[in-house]
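Coordinate analysis (summary)
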Protein chains: 2
Amino acid sequence: MKVTIPAVKGTRDFYPELMQVRKWLYQKIQSISELYGYQEYEAPFIERIDLYAAKSGEELVKEQAFVFPDRGGDLITLRPELTPSLARMVAQKQTELNYPLRWWSYGPFWRYERPQKGRTRELFQWNIDLIGSNSPASDAELISICAAFFEAVGLTPSQVCIRVNDRGLMESEMRRIEVPPEQKRDVFRLIDRVNKLPEDAWRQYGIQLGLSQSQIGGLLDILHDKMLWQQSPNLVEIFEILEIENYRDWVEFDPRIVRGLDYYTGVVFEGMERTGGRSVLGGGHYDNLVADVGGEPLAGVGFAMGDVMTMIVLESHNLLPNVRPNSDTVLVTIFDKNCQRESIRFSNQLRAAGIRVLCYPEAVKLQKQLRFADKSGVRYVIIMGPEEIAKGQFAIKDLELSTQTMIDKIAAASEIKRILAQES
Amino acid sequence: MKVTIPAVKGTRDFYPELMQVRKWLYQKIQSISELYGYQEYEAPFIERIDLYAAKSGEELVKEQAFVFPDRGGDLITLRPELTPSLARMVAQKQTELNYPLRWWSYGPFWRYERPQKGRTRELFQWNIDLIGSNSPASDAELISICAAFFEAVGLTPSQVCIRVNDRGLMESEMRRIEVPPEQKRDVFRLIDRVNKLPEDAWRQYGIQLGLSQSQIGGLLDILHDKMLWQQSPNLVEIFEILEIENYRDWVEFDPRIVRGLDYYTGVVFEGMERTGGRSVLGGGHYDNLVADVGGEPLAGVGFAMGDVMTMIVLESHNLLPNVRPNSDTVLVTIFDKNCQRESIRFSNQLRAAGIRVLCYPEAVKLQKQLRFADKSGVRYVIIMGPEEIAKGQFAIKDLELSTQTMIDKIAAASEIKRILAQES
């Protein structure tokens, strides 16, 4: 068998079993988001390129986005991230909306990267934001949500950790070691690399950026000072709140977390494995969500989590659900062509009672129908031959135990519901 | 306030209220699909253009799809329809899959059309297929699913109707009036236009296609023969099954329904309004799903339903749900900065019991927090001042009745659950 036309590289086919895993993840995300009172929204999947051009994500768009002209000549982008669309949506109704907004979303994004483990060109992302508040309690809430999600999927604080920092704290530390304001961005970039480069190369990079040996030394001291958070009133309050919520174990101060995007202005955080260091989510506090789309300044805090890396991490900890398709479904077989109508009628009767029913669509050999059921994951199969039909009964066959029981049709729906409920 | 960068024309912003309507529609689709034992799957949202090129949908792709070169030079398409992706996915695992397959999907599609009422450039579509069976019972099942869906969203057989025809029947009728086989496609196109053109123009079009006056007359007779279905054994069996299922009222034979796509080979159907004639879904039986992607011939039946037209039809019949955001959520207020920690602790305690809790993120004036609750749709608000905290109590305020009750914190979760349950 030859399949002549392959899928686009870096995309995924969600066959039913993988789809069930994807939906399981979505449901975890949904239930945590709703528990904290966040409302689901969604933006378009395509946007004009100018929406991204003004942002710090420019690099992302120029180098990593799918961009194409539409037939009218406008440049369209398959969205690589959600924040610019969120900013547009908020700005469009800025005066009508009821703040603080708590919004979440789960949808597709595209990045033109070389496909590799943990990177696909089409991915799904959970985005969640609290907008219109500047309080440390808001920052703490988003960090709690990360921890609550990790807990809900079965991870433990010994497996993953939310590393937290405060860019405001880092800025004041930079002033202390006399980094001039115009070098702030460069130094944040340097900090971002501290775990990615060997120390020599990293020092070299610092010197290239124009830092002195003593500034580099000072910076290294900052990056190793585990108690520095005590000088950030924000972080002190956030850690206190997380303590109250019993989430303190999930969280660690880490002065090396600064996040790439320039629009973060306060607390920043990253959820990652303790060992291995794979990062599954990242976010932070921003002061002006809507600046580039023409709205009034608006502060908030949010994070994004990609499905690909999350699935990899969950899989490596053996936490993906055991998917059992059709475990809640019965198969109604067709005994022969003459009995088909009765099987169809009965199937619909069960459906009217809310039972999920596969009705075999042809009067093929019973053995073939049973093999189909077994391979589908269906455990209970209903058989109605001419004798059963005449007596107003049917046989229910348990494929797991290889037993068979006769049931009166009058009791059918409630009896089948009872059997399926035992099952789950 | 100026929003400088608009959305792409023909896309939609799903603010939380509209998103709730979209999710309501999704849930109806999901529950009907599951009731019939179909499994959810999803294909990538981008595909290589050659996947569409070989298909009868070629026109759709050339004229109406977003197509763009990726950075490697391959032509990529934002998928305009699902069938080619489904064919690819089935062909890739053709020998492993367990037939008959029953798969459904709900996802985004793009069409480069002039935006107008009922047409957007980005839309969602329900696709559902039964693959690997050639029986009339399979065709009937998909038609039942349409009817079950219409019923589930509150439509009645006097408002909508599923018009059904059999292309096999039409082909034998064409042979009867001596239309040569090579003109079959043209004549199907002519039939497709019979309701769209005035009779004169339609006859003219028939003559242009090379039909004689007597053939055109014969064709018109066919198109008005409401009893013609009795000559199609397929349709006879299908209508019998629909009768058994009590769905016969939703269905009508209509010889003018032939569907545009050439890959339909048997029964075809369209779900539409009785008056107004807006069409919400269409589908049919095909003989060879996987022909163009290199698989072995495989028959099936399926349909697609777009969300945009469906929403318009539901709205015009007043059937969209009354969306009440936050009706299942309580707001925990912050009495003052000193009480904030207690409110946060209490919020988390309620969440641990599964209650959806908005915790106000700042110690602003209580009046402002109550206004926020009211505008959010929250009915019950929790207030905990220093006195209440000292006594281990809290006040719950019903914003609708303007009443307030004191409750012991020990009974909090169960009491609040009871109150919210009355609400829904």
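One can find the structure itself at the top, above this paragraph.
These lines cover the structure that appears in this document, whether it is placed above or below. (Residues numbered from 1 in each chain as written. Chains lettered and ligands numbered in written order. Predicted model: local features only at pLDDT ≥ 70, side-chain atom pairs only at ≥ 80, totals over all residues. Heavy atoms only, no water.)

**Structural notes on the sheet that holds strand E1 (residues 39-40) of chain B**
Strands in a sheet are paired, the pairing made by backbone hydrogen bonds, and the direction either parallel or antiparallel. Residue and element names in this part refer to chain B. Quick note on the threshold: Only strands joined by at least two bridges in the DSSP assignment are considered to pair. Helix and strand definitions here come from DSSP, where helices need a minimum of 4 consecutive H or I residues and strands a minimum of 2 consecutive E residues; each element is numbered from the N-terminal end. Contacts: residue pairs with any heavy atoms within 4.5 Å of one another. The axes are straight lines fitted to the C-alpha atoms, using for helices just the contacting stretch, and the angles between their N-to-C directions are given from 0 to 180°.
With mixed pairing, the eight strands of this open sheet are ordered in space as E1-E5-E6-E11-E10-E9-E7-E8. For this open sheet the edge positions go to E1 and strand E8 (251-253), each flanked by a neighbour on one side alone. Of the strand pairs in this sheet, E1 and strand E5 (residues 101-110) are connected by two bridges, and their pairing is parallel. Across the sheet, Glu40 pairs through a bridge with Trp104, a residue of E5. Running at roughly 140 degrees to E5, helix H4 (residues 83-92) makes contact with E5 and strand E6 (122-131) of the sheet.

**Comments concerning the pairing of E6(B)**
All names here are of chain B. Definition in use: Burial here depends on accessible area, computed with a 1.4 Å probe over protein chains only, as a share of the maximum for the residue type. Under 20% is buried, over 50% is exposed, and the range in between is partly exposed.
Counting buried positions over the 10 residues of E6 gives 10, a clear majority of the element. The alternating pattern of E6 places Glu122, Phe124, Trp126, Ile128 and Leu130 on one face and Leu123, Gln125, Asn127, Asp129 and Ile131 on the opposite face, and all of these are buried. Pairing analysis gives 10 bridges linking E5 to E6, with the strands arranged antiparallel. The partner of Trp110 across the bridge, within E6, is Glu122. Where E6 meets strand E11 (residues 300-306), seven bridges bridge the pair, whose relative direction is antiparallel. Within E11, the residue paired with Gln125 across the bridge is Gly306.

**A few points about helix H12 (residues 340-352) of chain B**
Residue and element names in this part refer to chain B. Note the threshold: To estimate how far a helix should extend, the number of its residues minus one is multiplied by 1.5 Å.
An ideal rise of 1.5 Å per residue puts 18 Å on 13 residues; H12 measures up with 19 Å between its terminal C-alpha atoms. Burial in H12 covers these residues: Gln340, Glu342, Ser343, Ile344, Phe346, Ser347, Asn348, Leu350 and Arg351. Remark: Gly354 follows H12 within two positions and exhibits a positive phi of approximately 90 degrees.

**Some remarks on the interface of chain A and chain B**
Interfaces are frequently sized by the accessible area removed from exposure as the parts join. The cut-off we apply is this: Reported buried area values correspond to the accessible surface (1.4 Å probe) lost by two parts on association, with both partners' losses combined. Salt bridges are defined as contacts in which a side-chain nitrogen from Lys or Arg sits within 4 Å of a carboxyl oxygen from Asp or Glu. Distance and chemistry together define a polar contact, namely a pair of N or O atoms within 3.5 Å, with one atom able to donate a hydrogen and the other to accept it when in protein, and with adjacent residues in sequence counting only for side-chain atoms on both sides.
Across the boundary between the two partners, chain A contributes 107 residues, which contact 107 residues of chain B. For the pair chain A and chain B, the two sides together bury roughly 9,100 Å², of which 57% comes from carbon and sulfur. Taken as a group, Ile5(A), Tyr15(A) and Arg71(A) account for 8% of the area that chain A buries against chain B, more than any other trio of residues on that side. Summed over the shared surface of chain A and chain B, the number is 10 salt bridges. One salt bridge in this structure joins Glu40(A) and Lys23(B), with 2.5 Å as the shortest N-O distance. Counting the contacts that link chain A with chain B gives 38 residue pairs in polar contact (both at pLDDT 80 or more). With nine residues, helix H1 (residues 16-35) of chain A is the largest single contributor of residues to the side of chain A that touches chain B.

Function cannot be read off these values alone, since they describe shape.
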